[in-house]
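Examining the three-dimensional arrangement
For reference, the chains in residue letters:
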Amino acid sequence: MLYSAVIEYALNLCLYYKGIIFMKVLVPIKRVVDYNVKVRAKSDESGVDLANVKMAINPFCEIAVEEAVRLQEEGKASEVIAVSIGTEASQEQLRTALALGADKAILVQTEVEVEPLGVAKLLKAVVEKENPDLIILGKQAIDDDANQTGQMLAALLNYPQGTFASEIELKDGGIEVTREVDGGLQTVSLSLPAIVTTDLRLNEPRYASLPNIMKAKKKPLDVITTEDLNVDVMPRLNTLKVSPPPERASGVIVETVDELVDKLKNEAKVIT
Amino acid sequence: MSILIIAEHDNTELKSATLNVVSAAQKIGEEIDLLIAGLDCRSVAEEATSLEGISKVLLADKPAYENFLAENVGSLVAQMGKDYSHILAPATTNGKNYLPRAAALLDVSQISDVSSVVSEDTFERPIYAGNCIATVQSKDPIKVLTIRTTGFDACGETGGQASIEEVSINEDLEISKFIKEELAESDRPELTAADVVISGGRGMQNGENFSLLEGIADKLGAAIGASRAAVDSGFVPNDMQVGQTGKIVAPNLYIAVGISGAIQHLAGMKDSKVIVAINKDEEAPIFQVADYGLVADLFEALPELENKI
């Protein structure tokens, strides 16, 4: 009993000297349409109809916040900083992150719809100010489904990346990331500082409790601008139109398995 | 117009996703080179020389690229790609991993999941889980695209006479290391390349019941998929997930069993040619996209279906 405690203490001391225990974690998050909302294109095809639509923290970003908070609860992280890029309204999602356990928040406020490359550049500027050891992002936002920001940020910083993570483990002064890949799982080992992007199975985010929601209101939330960070976020892409997907012709309800097999063989001709 | 395609392969053979990307490239321009980065992958390069429409196969057969680490491959693609007008890769987990890195290093944006080519600088891509299609024009000097393979037919595999050119770059950034890979072993076709896919949802009730799909899959030569609900409930591993955050499939026949049809699942399969839904809840949204719907208890319908096909 005593031995194991001594060993653990010694181990922690080693980890401390390797700079792991007091790791600072940055979690970029995005305000998006709630995942339950069925989004439609505007009738003039100028964009997506977002009037009076419920907004929320992107589900993958929520998983990122949860993972960072767990690292802190396990004594592996000293500070969790949430950052978002967007309009003033994104403060709402930053408060959610604070209620889930982040210590402080930064809003890079802009009215421009910043593309992933621009977001990565802004985040790089934030990283250079805050010097986190680990940056955890969602693998993709469920609005533009781009799946780029984490990888782009990693490239701009020349950091390693563990994308689509289903498990992370701090190990030997670095981090081991198990990744969800097409054929199964892949494990990579990354030096720190590093970037991790979350997949669904990394964890199950908690619900913010009422006391924590109240506490979050008093936590610091700094607002800065893209000009403060001196980053050009001019869009490179021009969205010409947003249209509804082609509709499928309505199908039929068959009454029996026999009828189904008959239709598949003789009408659709997809089985023989 | 000169196009660089990054091939998907496993150092032994070319993956079919590459063929769809070649087709997409042919809609953009005619001068197409194919980069094969890996280790001991010369046989892949040789196989690729006969692909239709490829001018040159660039072979980076080096230790730094053995496991396709995004850091090393991203850097290679940025160096190789800087003189091209377009850089294309399939929107596989691999392509999604390294290509945004290359784009950022080149200081250009990436257009993800291109489902259709409108012109050399304008592309269609699904957004909001496929509930909308955005037509996007790029102002960047280099267009970096990941290609949604289901949006394009496979190119021909014969008739090409590309030459092989060696690439000398072998740069290990030494910030990441491959540890291991645990790939699911299966005799079935790959989900994203199968002609027939049969998927189970929460209605399957547990992982064991997925065996009810196997007999049918065997008879039809089908791949087996799952909804996110089934994956989240722990019935089956995530690599079987079809949907917005899983795999995108568009087989000739898609059979959805015990799947309600959440938006995020539809995003992964609604471009299938023929969709069959089997669900006991006649109100399930999956019936709205199904060509043939069968309102039935799957535990009765599946054994019967297996017998009758």
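Report follows, based on the coordinates.

Here we come to the overall build of chain B. For chain B, the count of helices and strands is nine helices and 16 strands. For 309 residues, the compact-globule estimate of 2.2 N^0.38 gives 19 Å, and chain B sits close to it at 20 Å. Of all 309 residues assigned to chain B, the portion counted as buried reaches 61%. Across chain B, contacts joining residues at least 24 apart in sequence account for 66% of those joining residues at least 6 apart. For chain B, the accessible surface area stands at approximately 11600 Å², while carbon and sulfur atoms represent 42% of it.

Another aspect to go through is the overall build of chain A. Helix and strand content of chain A: seven helices and 13 strands. Once the C-alpha set of chain A is aligned to its principal axes, its extents read approximately 75 × 50 × 40 Å. Counting over 272 residues, chain A shows a buried share of 52%. For chain A, the accessible area works out to roughly 13100 Å², and carbon and sulfur atoms hold 51% of it. The average position of the 30 basic charges and that of the 41 acidic charges among the side chains of chain A differ by 1 Å.

Attention now moves to the environment of B:E120. Residues and elements named next belong to chain B. Locating E120 in the fold gives a position in the loop between β6 (116-119) and β7 (122-127). A C-alpha to C-alpha distance of 24 Å links E120 and N94, two positions 26 residues apart in sequence. Once you skip the residues sitting within four places of it in the chain, E120 turns out to touch M1, I28, H86 and K143.

Let us look at helix α7 (residues 257-267) of chain A. Listed as buried for α7(A) are A:V257, A:L260, A:V261 and A:L264. The arc enclosing the buried residues of α7(A), seen along the axis, measures out at 95 degrees, which places them on a common side. Close packing links the buried residues of α7(A) with β13 (252-254) of chain A together with β14 (253-257), β15 (274-279), β16 (292-295) and α9 (298-308) of chain B. Remark: A:K269 follows α7(A) within two positions and exhibits a positive phi of approximately 55 degrees.

This brings us to the nonpolar core. By size, the foremost hydrophobic cluster in this structure holds 56 residues, and its most contacted members are A:I135, B:L35 and B:V77. The leading source of residues in this core is helix α4 (residues 116-130) of chain A, at eight residues. In this view, B:V77 contacts B:I6, B:L35, B:I87, B:Y98, B:L99 and B:A102; residues no more than four positions away in its chain are not counted. By size, the runner-up hydrophobic cluster in this structure holds 43 residues, among which are A:M23, A:V27, A:A97 and A:A194.

So, on to empty space enclosed by the protein. Empty space left among the atoms is revealed by rolling a probe the size of a water molecule over them. In this structure the tally under the stated criterion is four cavities of 30 Å³ or more. Quantified by volume, the largest cavity comes out at close to 170 Å³. Counting only elements with at least two residues in the lining of the largest cavity, the list comes to β8 (174-181) of chain A together with α4 (93-105) of chain B. When the residues that make up the lining of the largest cavity are grouped by side-chain class, the tally is two nonpolar, eight polar and seven charged.

Further remarks concern the packing of helix α3 (residues 70-81) of chain B against α4(B). Residue and element names in this part refer to chain B. For the pair α3 and α4, interaxial distance at closest approach is 8 Å and the crossing angle is 45 degrees. It follows from the interaxial angle that α3 and α4 lie oblique. In the crossing of α3 with α4, the sense of the turn from one axis to the other is right-handed. Of α4, the residues touching α3 (which contributes A70, E71, V73, G74, S75, V77 and A78) are N97, Y98, L99, R101, A102 and L105. Residues that form the contact of α3 with α4 fall into these classes: eight nonpolar, three polar and two charged.

A few words on the pairing of strand β5 (residues 104-109) of chain A. All names here are of chain A. Across the six residues of β5, five count as buried, placing the element largely inside the fold. By the bridge criterion, six bridges tie strand β4 (residues 77-86) to β5 in an arrangement that is parallel. When the bridges of β5 are listed, A82 appears paired with A105. One crossover worth recording links β4 to the parallel β5 by way of helix α3 (residues 91-100), and it is right-handed. In this structure, β5 lies alongside strand β11 (residues 221-225), joined through five bridges in parallel fashion. When the bridges of β11 are listed, I106 appears paired with D222.

Now for the packing of α7(A) against α9(B). Closest axis-to-axis distance for the α7(A)/α9(B) pair is 10 Å, and the angle between their directions is 45 degrees. The pairing of α7(A) with α9(B) is recorded here as oblique in orientation. α7(A) and α9(B) meet at a crossing whose hand is right-handed. On α9(B), the residues that touch A:V257, A:D258, A:L260, A:V261 and A:K265 of α7(A) are B:A301, B:E304, B:L305 and B:K308.

Analysis parameters
- Residues numbered from 1 in each chain as written.
- Chains lettered and ligands numbered in written order.
- Predicted model: local features only at pLDDT ≥ 70, side-chain atom pairs only at ≥ 80, totals over all residues.
- Heavy atoms only, no water.
- Helix = DSSP H or I, 4+ residues; strand = E, 2+ residues; numbered from the N terminus.
- Rg over C-alpha atoms; globule rule 2.2 N^0.38 Å.
- Buried < 20%, exposed > 50% of the residue type's maximum accessible area, 1.4 Å probe, protein only.
- Contact = heavy atoms within 4.5 Å.
- Areas by Shrake-Rupley, 256 points an atom, 1.4 Å probe, with all protein chains shown as cover.
- Lys, Arg positive; Asp, Glu negative; His and termini not counted.
- Charge placed at Lys NZ, Arg CZ, Asp CG, Glu CD.
- Arc of directions from axis to C-beta.
- Core = buried A, V, L, I, M, F, W, Y, C linked by side-chain atoms within 4.5 Å.
- 1 Å grid on protein atoms, 1.4 Å probe; cavity = no way out; pocket = protein on both sides within 12 Å on 5 of 7 lines; lining within 4 Å.
- Points joined across faces, edges and corners; volume = space filled by probe spheres on them.
- Nonpolar A, V, L, I, M, F, W, Y, C, P; charged D, E, K, R; others polar.
- Axes fitted to C-alpha atoms, helices over the stretch in contact; angles between N-to-C directions.
- Parallel < 35°, antiparallel > 145°, perpendicular 65-115°, else oblique.
- Left-handed = near helix turned anticlockwise from the far one by under 90°.
- Pairing = 2+ DSSP bridges.
- Right-handed = clockwise from strand over helix to strand, strands pointing away.

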